[in-house]
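Observations on the three-dimensional arrangement
Here is what each chain is made of, one letter per residue.
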Amino acid sequence: MTHDEFKRARRQLGLTQAELGRVLDTAPQTIRKWEMPPGNATRRSVNPVAARCMSWFLDGYRPPEWPMGKR
């Protein structure tokens, strides 16, 4: 999953970076870095486990940590 696909998926799910960070148990800053375009010095590649989770979320899976009202 590319940075752009990851960002698009998060927005499609209606989550903020902070909300997704809580669901994935990672800092919002890490989410922000995964979403940065290539060439940015502080960007990180999207974590493959997080990318797989995003696919599950798009398919309808909601873990217990999912923000209320965003089902």
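Each remark here, short or long, concerns the structure printed above.
This is a predicted model, so every value here is computed, not measured.

The next subject is the side chain of E19. With respect to the helices and strands, the residue E19 is situated in helix α2 (residues 17–24). Here the side chain of E19 touches T16 through a polar contact of 2.9 Å, landing on its backbone nitrogen. Setting aside chain neighbours within four positions, we find E19 in contact with G14, P67 and K70.

A separate point is unusual backbone geometry. A positive phi angle, near 55 degrees, is found at D25, a position not held by glycine. Structurally, D25 is set in the loop between α2 and α3 (28–35). Look at D25 and you get exposed, because its relative accessible area is 73%.

Quick look at the pattern of salt bridges now. In this structure the tally under the stated criterion is two salt bridges. Between R10 and E35 there is a salt bridge, with its nearest N and O atoms 2.5 Å apart. Placement of R10 in helix α1 (residues 3–13) and of E35 in helix α3 is noted, with a sequence separation of 25 residues between them.

Three or more residues of α1 are buried, namely H3, F6, A9, R10 and L13. Down the axis of α1, the smallest arc covering the buried residues is 130 degrees, so these residues share one side. For α1, the exposed residues set more than 90 degrees away from the buried face come down to R8, R11 and Q12. Where the residues of α1 are buried, they touch α2, α3 and α4 (48–58). Taken from the residues just after α1, G14 is the one with a positive phi, measuring 75 degrees.

In this structure E19 comes out as buried when scored by relative accessible area, which is 12%. Separated by ten residues in sequence, E19 and Q29 place their C-alpha atoms 12 Å apart.

Conventions and cut-offs
Residues numbered from 1 in each chain as written. Predicted model: local features only at pLDDT ≥ 70, side-chain atom pairs only at ≥ 80, totals over all residues. Heavy atoms only, no water. Helix = DSSP H or I, 4+ residues; strand = E, 2+ residues; numbered from the N terminus. Polar contact = N/O pair within 3.5 Å; in protein donor to acceptor, adjacent residues only side chain to side chain. Contact = heavy atoms within 4.5 Å. Buried < 20%, exposed > 50% of the residue type's maximum accessible area, 1.4 Å probe, protein only. Salt bridge = Lys/Arg side-chain N within 4 Å of Asp/Glu carboxyl O. Arc of directions from axis to C-beta.

Shape descriptors only; they carry no functional weight alone.
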